[in-house]
Structure formats: C-alpha cells, structure tokens
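# Examining the three-dimensional arrangement
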Amino acid sequence: MNKPIRRVSIFCLVLVLALMLRVNWVQGVQASAWANNSHNERVKYDRYAYPRGNIIVGGQAVTKSDLVNGLRYKYKRSWVDGPMYAPVTGYSSQAFDASQLEKLEDGVLSGTDSRLFFRNTLDMLTGKPKQGGDVVTTIDPKVQRAAFEGLGDKKGAAVAIDPRTGAILALVSTPSYDPTTFSGGSDSDSKAKAALDADPNKPLLNRALRETYPPGSTFKLVTAATAFESGKYQNPTDTTDTPNPYVLPGTSTELKNASSTEPCENATVQDAMDLSCNTVFGKMGAELGGDKLRTQAEKFGFNNDQVDVPIRAAASYFPKGSSPDGTAMDAIGQHDTRATPLQMAMVAAAIANNGSLMQPYLVAQEGSAGNVISTHTEHQMSQAVSPATAQKLQQLMESVVQNGTGRNARIPGATVGGKTGTAQHGQDNSGLPFAWFVSYAKGADGKQVAVAVVVEDGAAERNEISGGSLAAPIAKAMMQAGLGK
Amino acid sequence: MSTFDVSSGSAPGTGRRRRTAGPVTVDGVPTRRNTELLMLAFAVAIPVLAYANVGLAIDGSLPAGMLAYGLGMGALAAVAHLAVRRFAPYADPLLLPLATLLNGLGLVMIWRLDKAGKLLRNNFPAASNQLMWSGLGIAMFIGVVLLLKDHRILQRYTYISMVVALVLLAAPAFFPSRTEDFGAKIWIRFGSFSIQPGEFAKIILTVFFAGFLMVKKDALALASRKFMGLYLPRGRDLGPIIVVWLLSILILVFETDLGSSFLFFGLFVVMLYVATERTSWIVFGLLMSFGGAAVVATSEPHVKTRINAWLDPMAAFAPKPPPQSSEQIGQTLMSLGSGGTVGSGLGQGRSWLIQFAAKSDFILGSFGEELGLTGLMALFMVYGLIVQRGLRTALAARDPFGKLLAVGLSSAFALQVFVVAGGVTGLIPLTGMTMPFLAQGGSSVVANWALIAVLMKISDTARRPAAEPAAIPEPAGPDRYGPGPDRGAPDQSRGASS
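First, a word on scope: everything that follows refers to the structure included in this document. (Residues numbered from 1 in each chain as written. Chains lettered and ligands numbered in written order. Predicted model: local features only at pLDDT ≥ 70, side-chain atom pairs only at ≥ 80, totals over all residues. Heavy atoms only, no water.)

On to the interface of chain B and chain A, then. Each side of the interface is counted separately: chain B has 56 residues, and chain A has 33 residues. Summed over the shared surface of chain B and chain A, the result is 2 salt bridges. Here B:Arg350 ties to A:Asp46 by a salt bridge, and the two come within 2.8 Å at their closest N and O atoms. Run the count over chain B and chain A and you get 12 residue pairs in polar contact (both at pLDDT 80 or more). (Contact = heavy atoms within 4.5 Å. Salt bridge = Lys/Arg side-chain N within 4 Å of Asp/Glu carboxyl O. Polar contact = N/O pair within 3.5 Å; in protein donor to acceptor, adjacent residues only side chain to side chain.)

Shown next, in the form of structure tokens:
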C-alpha cells in the first residue's frame with residue numbers, strides 16, 4: 001500500500017504548492033494592482049493614518065492634521081483661515097475625496113510620492129513617525145488677506161501675480177467655504193457638504209480659476225495691444241477716426257458709450273482708454289479683424305485649455321469666425337469673449353513685464369525642510385507683445401489711473417496702471433453687470449504686482465456698479481499689500 | 001543533543017537494540033518526547049508574542065489578558081504533552097506542536113478581529129468562545145489519547161461508524177435553517193448551542209471507509225472484470241461503500257454544503273486508490289467529479305453565484321451588482337494585495353473590510369493582509385507539515401487499517417485546507433468551509449483535535465518497538481507484522497520519522 005500512499009503525498013504536496021503559487025501571484029505579482037484598486041478603501045484610510053504634510057503660505061502652515069483616533073481614520077484635516085485659503089488648498093475630506101492642491105499634491109502630502117521614498121525609508125529605519133511632505137505655495141498672506149477682506153461678503157474673485165516671475169501672490173474667491181466643516185466622515189460633515197452643494201451662490205466654485213466672465217472693457221487692453229502690434233497705431237496720442245455713436249458694421253445697431261456726454265468722437269487712443277470709449281475700441285476691433293485679435297489674445301493665454309498652476313484654470317475664450325459686428329463687440333470684451341480672473345491678471349502681468357508673459361504658478365517647493373524634492377523654475381509662457389508695445393500699453397494704463405476711470409487705485413509713491421471694466425451679461429444684458437479692475441503696480445524698490453479683481457452684482461442698484469468704484473479699491477489694497485506699503 | 005539524533009533509529013534492525021543517551025526506551029527507540037516539548041514551547045510562545053503584538057498595535061499597551069492567555073495555552077499544551085508522554089510515548093513529535101501553533105494563532109486573530117468588530121454590524125465577540133472550544137478540543141485530544149488504547153479497536157465499529165456518519169450528516173436537514181447561515185444547512189442547534197456535524201462525520205466516515213476497504217481491498221483489487229480497459233470490481237464488493245458515499249454526497253448537496261461534498265468525494269477516491277493500488281480509481285474519480293461538478297454547476301443557483309464570483313470577483317462592486325453577488329472574494333483579494341510581501345503587521349491591517357466572515361471562512365485573508373505573503377507561506381508550510389506527518393504515519397503504520405485511516409485523515413485534512421484556502425485566495429470557486437484550527441467554530445476545532453489525536457495514536461503504534469497483538473484478527477497479507485514488500489526501505493522503518 002505504500003506506493004499509492006507516496007503518490008497521495010505527492011498529490012497533497014501539489015495541492016499545497018498550488019496554494020503557495022496562488023498567494024505568490026496575488027500578493028507578489030498582482031499586489032500593487034489589488035492594493036490600489038479603486039474599490040480598496042484602505043487607500044482612503046491610509047491617507048489619514050498618519051499626519052498629512054502641510055500646505056505652507058508665507059512660511060506658516062495653513063493646514064493641520066488633527067489626531068482624532070477614530071475607528072477608521074486616525075487623523076483629520078483642518079485648515080487655518082479655511083475660507084480665505086480654500087481656493088488655494090481645496091479640501092481633503094475623509095468622505096468626499098479632495099480637490100485643488102490637496103488633491104493634486106496628494107502624493108507629496110500623503111507621503112506616497114516616489115520621490116519621498118528615500119526619506120520614508122530612512123524614517124522607518126530611524127524610527128521616526130511617518131509623515132507626508134509639505135507643499136510651499138507662492139501665496140503672499142498679506143495680499144491674500146487684502147483681497148479676501150476687500151471682497152468681503154460680495155461675490156467675486158481676485159488674483160495677484162508677480163509679473164516678473166509668474167508667482168501667484170493671491171487667489172481668492174467669494175463666497176467661500178470652510179473645508180474643515182466637512183473634512184470628516186460623520187453625519188454633520190455630510191450635511192455641511194450637502195448644504196454647500198445646494199447653495200445657489202456656489203461657494204465651492206473656485207471663481208478665480210474656474211469661472212469665466214465677459215471681461216468687458218478690460219479686454220480693450222488686448223485690442224489696443226493688437227492695434228500697436230499690427231502698426232495700425234504708433235502712439236497712444238494718435239487720434240482715432242471714430243464717430244459717436246458708432247454703428248456696428250453690417251447692422252443698424254448703434255454702439256454707445258457709458259455716457260453720451262463723454263468726448264469719445266475721434267478721441268486719441270489714450271483718451272479713449274481713459275474714458276473707456278466703447279465706440280473707439282469697437283471700431284478699432286472691427287477694423288483689425290477677428291483673426292488678428294484672436295492671435296493677440298492667444299499670446300496672452302486665451303483659448304488655452306492647459307493653463308495649470310498646477311490647478312487647471314478654465315480656458316478663457318476669444319471666438320473664431322465672428323461676424324464683423326460680433327468682432328466689434330468681442331473687441332470690447334462682450335459678445336462671446338470670456339476670461340477667468342487669472343487670465344486678466346496674466347494680461348496685466350505681461351504688460352507690466354515688458355510684454356513677457358511668465359507661466360503663472362502656485363507651488364514654489366515640494367518636500368520638507370532639509371529634503372526639498374522639487375523647486376519651481378520660472379519660465380516664459382510667451383512674448384505676448386513687443387517691449388515697445390508694452391511701454392505704450394503701460395502709458396495707457398497709467399494714464400487711466402492718473403486721469404481716467406481708475407483713479408480709485410492710485411497709490412502714493414508707486415507707479416500704478418489699470419483698466420476698469422463693467423461687463424454686461426445675461427439675456428439682453430438683463431443680469432447685473434460684473435465690475436472688473438485689472439492693474440499692476442511697481443514700487444520704487446522694484447517690487448511689482450499685477451492684479452485682476454472681478455465683483456459679481458456687488459450692488460443692488462445697476463447704475464452704481466462700475467469697475468472703478470467697486471473693484472479698483474480692492475485691487476488697490478492688494479497692490480499696496482504686495483508692495484509692502 | 002541526543003533527542004535530535006536521527007541516526008539512532010534510521011537503520012532497521014540496528015536502532016532497535018542500540019542504546020543511546022537521552023529519553024529512549026529500553027528497546028532503544030527514541031520517543032522524541034523532549035523534541036515535542038521544545039517545539040510546544042515555541043508553539044505557545046509564538047501566539048503569545050503575536051497577542052502582545054496585536055495589543056501594542058491597537059491599544060499601544062500589552063493586552064491585559066496576556067499572562068492568563070499565555071499560562072492557559074501553556075497549561076493546555078503541557079497537559080496534552082503529558083498525556084502523550086504517558087499514553088502515546090512513541091507518537092509523532094510534530095503533530096501536537098503544529099496544531100497548537102495554528103490553534104493559538106487562530107485565537108489571536110479572532111481576538112484581533114473582535115477588537116475591530118465595533119466597526120461592523122453583525123459582529124459578535126468570539127475569542128472567549130473560541131478559547132473555550134479550544135480547551136474542549138484539547139480535552140478531546142487528551143480523551144482520545146487516553147481512551148483509544150489501540151486504533152485498531154476502531155475497526156470493530158466499521159458499520160456503526162457508517163450509521164453514525166449518515167445520521168450526523170442527515171441531522172441538520174431536520175433543523176430549521178436560519179437566514180444568518182447563508183444558504184448552508186449544516187448546523188444542529190440546541191438553543192444557542194450548535195454543532196456542525198459535518199466536521200465529525202469527516203472522521204467517522206474515514207473510519208468506516210478504512211474498515212470496509214481493509215476487509216475488501218483484496219477482493220476489490222483482484223476479483224474484477226475488465227471493462228473498456230479498466231478493472232471494475234464486483235458489485236457485492238463495492239456496492240455498500242458506493243451506496244454510503246452516494247448517500248453522503250446527496251445529503252450534502254441537499255444541504256448545499258459543497259465544500260464537504262467535494263471533501264468526501266476526494267476522500268473516497270483517495271482511500272479506494274490506496275486500498276486497491278489501482279490507478280483506474282483515479283480515472284473514475286476524475287471523470288465522476290467533472291461530471292458531478294458540471295451537473296451541480298448548471299442546476300444549483302447557489303453554485304452558479306459562487307462560480308461567477310470566482311470568475312469576476314470585482315463584479316459585486318459594479319454600480320449595478322448582479323443579484324446575489326458577494327464582495328467578499330474581491331475584498332479578500334484587495335486585503336491580500338494590500339498585505340503584499342511582508343504584510344501590514346498584526347493589528348495594523350483593515351481586515352474588517354472583509355466583514356464578519358473574516359473570523360470563519362475568510363480568516364486566511366486577515367492573515368494574508370497582516371502577515372503578508374511571508375505569513376501565508378509559513379501557514380501553508382505548517383499545514384503541509386501536518387499533512388506530511390500524517391502521511392508519514394500512514395507509511396510507517398504496520399496494519400492496513402491504520403494505513404488507510406491515516407491516509408484518509410491526512411488527505412481529508414489536506415483537501416479541506418486546499419478547498420478553503422483555494423476558495424479564499426480565488427484559486428478555485430469558494431465552497432465555504434472553515435480553515436482547520438485557525439477559523440472560529442467549535443465543532444471544527446474539537447473535530448480537528450480529535451483527528452490529530454487519532455493520527456498520533458496510529459503513529460504511536462507504528463513506532464512502538466514491540467508490536468502488540470492486534471485487537472482483531474486480520475487477513476494475511478504483505479502488510480502484516482512480518483517483513484513484507486513494503487518493509488525495509490529506511491524511510492518507513494520504525495523510529496525514522498524524526
């Protein structure tokens with residue numbers, strides 16, 4: 001009987017070997033695929049199993065990881081000045097995933113990024129508790145606060161950029177939300193999230209990057225840039241041949257100015273900019289044509305759906321193939337033209353930086369102290385206009401602040417250029433207009449800051465809304481903070 | 001150390017009379033009892049350390065019950081060891097430590113899953129119950145070692161075993177099924193107390209098969225007619241065993257206990273093959289199992305669900321999961337994957353994602369996550385060693401009944417391990433049985449301790465120097481006490497199983 005018994009032992013050995021091969025396959029070969037399967041909740045729990053790295057603003061962490069030692073989650077995320085920094089940090093919730101930097105930099109923050117492997121291994125060997133890496137932002141807390149407090153309870157957004165580097169100094173969207181209210185997984189967190197989702201004011205929307213508005217008169221800067229670049233006008237003091245009112249080409253519709261008393265007829269480019277004459281820039285745009293305008297707009301970043309800061313900004317839009325009357329309206333930032341606040345800040349920054357548009361960025365460094373795994377290197381996104389054109393545009397913008405609609409933005413001891421905008425929108429322009437202010441400031445010490453502010457329906461009375469009165473003071477406060485004045 | 005001296009008994013005829021230092025009998029055959037004691041110390045120490053590990057990982061402190069647990073396990077193991085020393089001194093030295101290790105590790109994991117249990121509905125603490133059952137299991141072990149003077153006595157109960165096994169198997173059908181039993185009717189209940197008779201039937205049916213085949217093996221092997229190139233035995237030789245086997249399979253299919261049907265089927269084929277030494281039984285067995293599997297798979301909706309879950313373990317996670325789908329296999333695979341090579345560490349995994357079944361059918365998933373591939377390989381090694389020691393006992397046994405019984409018990413054990421572990425890791429469709437010793441379940445623990453005890457008694461008789469007269473006269477054959485064709489190779493001589 002021993003021969004069959006030996007064969008049975010071999011059979012049993014084969015059974016055990018088959019099991020061993022199988023677990024080697026599952027836990028060796030396929031392991032990471034199962035471990036990172038989208039249904040594997042361990043990934044979610046791991047994210048909060050040890051302190052998450054921090055998002056740093058001005059040397060201070062604006063995020064915290066609180067030890068809650070819950071059944072499933074050990075740590076919970078909370079934020080300092082949550083509503084103010086929410087457009088930068090986004091949220092990181094146990095129940096509702098993450099957004100913005102918390103999401104995009106999750107590998108670094110949660111410590112799973114492969115570049116942190118060496119440090120993680122070292123920490124494991126030296127017995128240091130595991131911790132994620134930090135993300136250092138370019139945000140200047142003073143500028144951020146000026147923008148946030150300036151917008152107050154108004155609906156709107158503000159962006160500030162250092163024109164020389166592209167570093168984003170402020171990124172504010174109001175009304176905002178406090179990500180701490182739903183960072184956990186409890187019922188109250190779910191309720192808070194549901195309330196935010198249902199809020200008609202859309203507090204979760206990052207208006208600075210993800211909402212496009214008609215840019216209104218602030219787009220006249222792009223039209224003027226096209227005019228100088230194409231050689232249609234040489235100097236800001238060149239007079240334009242413009243009737244008042246101006247009849248849109250091919251139609252009988254009259255394009256009017258904000259006030260019929262303004263001396264826009266045959267005004268110089270500079271006067272037209274000071275007074276924000278629709279007739280002058282509408283006619284200028286129609287004569288330049290849609291293609292030239294669009295090419296220039298694209299040099300400033302329009303129609304680019306991959307502006308990543310690294311949070312991806314919505315693409316700003318300048319249309320292709322509009323009819324001549326449509327192009328006239330496009331040229332004054334109405335009709336189909338749309339821009340994000342970031343986009344208009346980029347226009348101001350490129351003009352202030354002598355035509356060179358720097359790639360805007362939000363993350364200066366990744367990694368922890370003593371272990372920097374990446375540092376941002378500045379690079380030019382495009383040469384939007386020639387330096388000569390940029391000088392002329394600067395002259396126009398500075399004149400607007402000195403003599404025109406932007407007087408509210410004047411800062412003693414600093415060179416300030418700006419452009420107001422009051423953008424109509426809605427069916428037959430029925431919505432309350434958006435108030436824009438796009439500007440830059442240069443201090444005596446070489447500091448620079450470019451700003452775009454938009455305020456949605458900031459006042460109940462329609463005729464009280466204007467970029468100069470509503471948006472310019474906010475931009476001024478931001479520029480002062482940026483220049484340290 | 002003399003207790004590890006393998007040479008003392010390796011050469012037949014010489015070791016028997018040679019005296020060596022250490023715990024040897026008058027006849028010179030080493031008993032290996034000190035080896036067993038040393039191994040037992042490890043088998044108790046490892047789970048106690050694992051217990052401490054879980055406490056430190058979850059609570060940050062040593063568990064309060066650690067001393068009591070360590071002493072309790074140690075005391076149980078010590079009593080079992082003393083019983084073996086006294087009543088089965090020549091028994092295999094590895095079986096008791098291996099079973100103790102598995103039982104101890106299982107207890108720790110169940111306790112660990114109890115701690116995670118507050119995260120689950122349907123969870124009830126089971127560690128203390130399991131501890132009680134383990135005590136009863138070891139008591140059962142001691143009882144068998146103590147009362148079963150010679151395993152050949154079991155031969156007397158061949159037909160009683162048959163009746164008892166059939167009654168045990170059929171009994172659950174007369175008890176009302178409950179929703180929380182998940183489709184399988186395999187329990188007998190008295191109030192809150194319940195037993196799973198299939199686990200005991202496994203042993204008792206093996207006794208019947210062994211007794212019957214021992215008597216009929218020559219007739220089965222020789223008096224057969226050739227049919228289509230295969231030797232078929234006469235109906236009167238094979239009839240009774242076929243009837244009993246078919247009955248048990250039918251009962252189990254009726255109770256939708258598929259794992260056990262497969263187990264009994266495999267057991268039957270293996271024992272028939274060993275008894276008759278005819279390869280044709282393997283061919284029959286394979287043909288019949290494929291046929292049976294095909295019939296059951298197409299007719300039984302319960303089985304279809306299982307097969308679908310095996311083919312696509314992640315189907316249950318789809319937005320619209322198919323009806324009756326279960327996410328447990330997918331959850332187990334994800335926990336195994338998360339465990340990776342070295343595991344998350346005891347107490348640091350998230351095994352509770354597999355839900356409450358983690359304690360019974362899926363405990364291997366929890367081990368895989370927290371001890372990793374390394375831990376699972378070690379566990380399979382331990383199971384493999386138990387099976388190997390059992391088959392070794394079969395080789396060494398001098399009586400055909402003992403051989404058949406040992407082969408049957410070991411291969412049943414191996415098949416059960418394969419069916420459960422294969423099902424849990426997605427190698428084969430899940431059939432729903434418990435991992436011997438590791439999983440929560442009283443009947444399983446007690447029955448498997450009894451199984452180990454019987455194996456040890458057989459090995460004790462096999463390695464005992466002076467063969468005692470058999471309790472029952474046996475038909476003459478090459479396997480009787482005199483040297484036969486099976487004797488003489490060193491690996492099966494007495495005392496060689498070091």
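Our next topic: the sheet that holds strand S7 (residues 135-137) of chain A. All names here are of chain A. Strand order across the open sheet formed by 5 strands is S2-S1-S7-S13-S14, with mixed pairing between neighbours. Two strands close off the open sheet at either side, each with one partner strand: strand S2 (60-61) and strand S14 (371-375). In this sheet, strand S13 (residues 363-368) lies alongside S7 in antiparallel orientation, the contact comprising 3 bridges. Looking at S13, one finds that Val-136 is bridged to Gln-365. (Pairing = 2+ DSSP bridges. Helix = DSSP H or I, 4+ residues; strand = E, 2+ residues; numbered from the N terminus.)

Turning next to the packing of aromatic side chains. Aromatic ring pairs are described here by two measures, namely the spacing of the ring centres and the angle between the planes. Enumeration according to the criterion identifies 20 aromatic pairs over all chains in this entry. Ring geometry for A:Tyr213 against A:Phe434: centres 5.0 Å apart, planes inclined by 80°, an arrangement best described as edge-to-face. Pair noted here: A:Tyr213 is in the loop between helix H10 (207-210) and helix H11 (220-230) and A:Phe434 is in strand S17 (residues 434-443), with a separation of 221 residues, a long-range link. In this pair, the class of A:Tyr213 matches that of A:Phe434, namely buried. Here B:Phe208 and B:Phe209 contribute two aromatic rings whose centre-to-centre distance is 5.8 Å and whose plane-to-plane angle is 45°, an arrangement assigned as tilted. The exposure classification of B:Phe208 matches that of B:Phe209, with both residues buried. The rings of B:Phe141, B:Tyr383, B:Phe413, B:Phe437 and B:Trp449 are connected pair by pair, giving a single aromatic cluster. The residue whose ring lies beneath B:Arg86 is B:Phe87, and the NZ or CZ to ring-centre distance is 5.0 Å. (Phe/Tyr/Trp six-rings, centres within 6.5 Å; stacked < 30°, edge-to-face > 60°. Buried < 20%, exposed > 50% of the residue type's maximum accessible area, 1.4 Å probe, protein only. Lys NZ or Arg CZ within 6 Å of the ring centre and 35° of its normal.)

Looking now at helix H8 (residues 141-151) of chain A. Residue and element names in this part refer to chain A. Every buried residue of H8 is accounted for by Val-143, Gln-144, Ala-146, Ala-147 and Leu-151. Seen end-on, H8 carries its buried residues on one side only, within an arc spanning 160°. Opposite the buried face of H8, at more than 90 degrees from it, the exposed residues are Lys-142 and Glu-149. Residue Asp-140 occupies the N-cap position of H8, its side-chain oxygen lying 2.9 Å from the main-chain nitrogen of Lys-142. Of the residues trailing H8, Gly-152 is marked for its positive phi of about 55°. (Arc of directions from axis to C-beta.)

Below, the discussion takes up the state of the cysteines. All names here are of chain A. Tallied over the full model, the rule gives 1 disulfide over all chains. Here Cys-264 pairs with Cys-277 through a disulfide, and the sulfurs are 2.0 Å apart. Because the torsion about its S-S bond is -75°, the bridge between Cys-264 and Cys-277 counts as left-handed. Note that Cys-264 is positioned in the loop between strand S11 (254-255) and helix H12 (269-275) and Cys-277 in the loop between H12 and helix H13 (278-288), a separation of 13 residues in sequence. Accessibility classification places Cys-264 together with Cys-277 in one group, the buried group. (Disulfide = S-S within 2.5 Å.)

What follows concerns the side chain of B:Asn448. Residues and elements named next belong to chain B. Structurally, Asn-448 can be placed in helix H14 (residues 442-463). Side chain to side chain, Asn-448 and Lys-202 meet in a polar contact 3.2 Å long. Leaving out residues up to four positions away in the same chain, Asn-448 has contacts with Glu-199, Lys-202, Phe-413, Pro-436 and Phe-437.

Time to look at the pairing of strand S4 (residues 75-79) of chain A. Remember that side chains alternate between the two faces of the sheet whenever the strand is regular. Residue and element names in this part refer to chain A. Taken across its 5 residues, S4 has 4 buried, putting it largely inside the fold. Pairing of strand S3 (residues 63-67) with S4 involves 5 bridges; the strand directions are antiparallel. Pairing of Lys-64 across the sheet is with Ser-78, part of S4.

Okay, the sheet that holds strand S8 (residues 155-161) of chain A next. All names here are of chain A. The 5 strands are arranged S9-S8-S18-S17-S16 in an open sheet whose pairing can be described as antiparallel. Looking at the sheet topology across the chains shown, the edges are occupied by strand S9 (168-174) and strand S16 (414-423). Taken pair by pair, the neighbouring strands of this sheet meet at an average axis angle of 10°, ignoring direction. Pairing analysis gives 6 bridges linking S8 to S9, with the strands arranged antiparallel. Bridge pairing links Gly-156 to Thr-174 in S9. (Axes fitted to C-alpha atoms, helices over the stretch in contact; angles between N-to-C directions.)

Looking now at the environment of B:Val407. Inspection of the secondary structure assignment puts B:Val407 in helix H13 (residues 400-424). A relative accessible area of 0% means that B:Val407 is categorised as buried. Every residue in contact with B:Val407, bar those within four places of it in the chain, is listed here: A:Ile5, B:Val270, B:Val274, B:Leu391 and B:Ala394.

Across the junction of A:Thr174 and A:Pro175, the peptide omega takes the value -5°, indicating a cis bond. Within the secondary structure, A:Pro175 sits in the loop between S9 and helix H9 (187-198). Here the residue pair A:Val309 and A:Pro310 is connected by a cis peptide bond, since its omega of 10° sits within 30 degrees of zero. Secondary-structure assignment places A:Pro310 in the loop between helix H14 (290-299) and helix H15 (324-330). A positive phi angle is found at A:Lys202, which is not glycine, with a value near 50°. Relative to the helices and strands, A:Lys202 is located in the loop between H9 and H10. In this structure, B:Phe437 is a non-glycine residue whose phi angle is positive, near 70°.

None of the figures reported here should be taken as evidence of function without further support.
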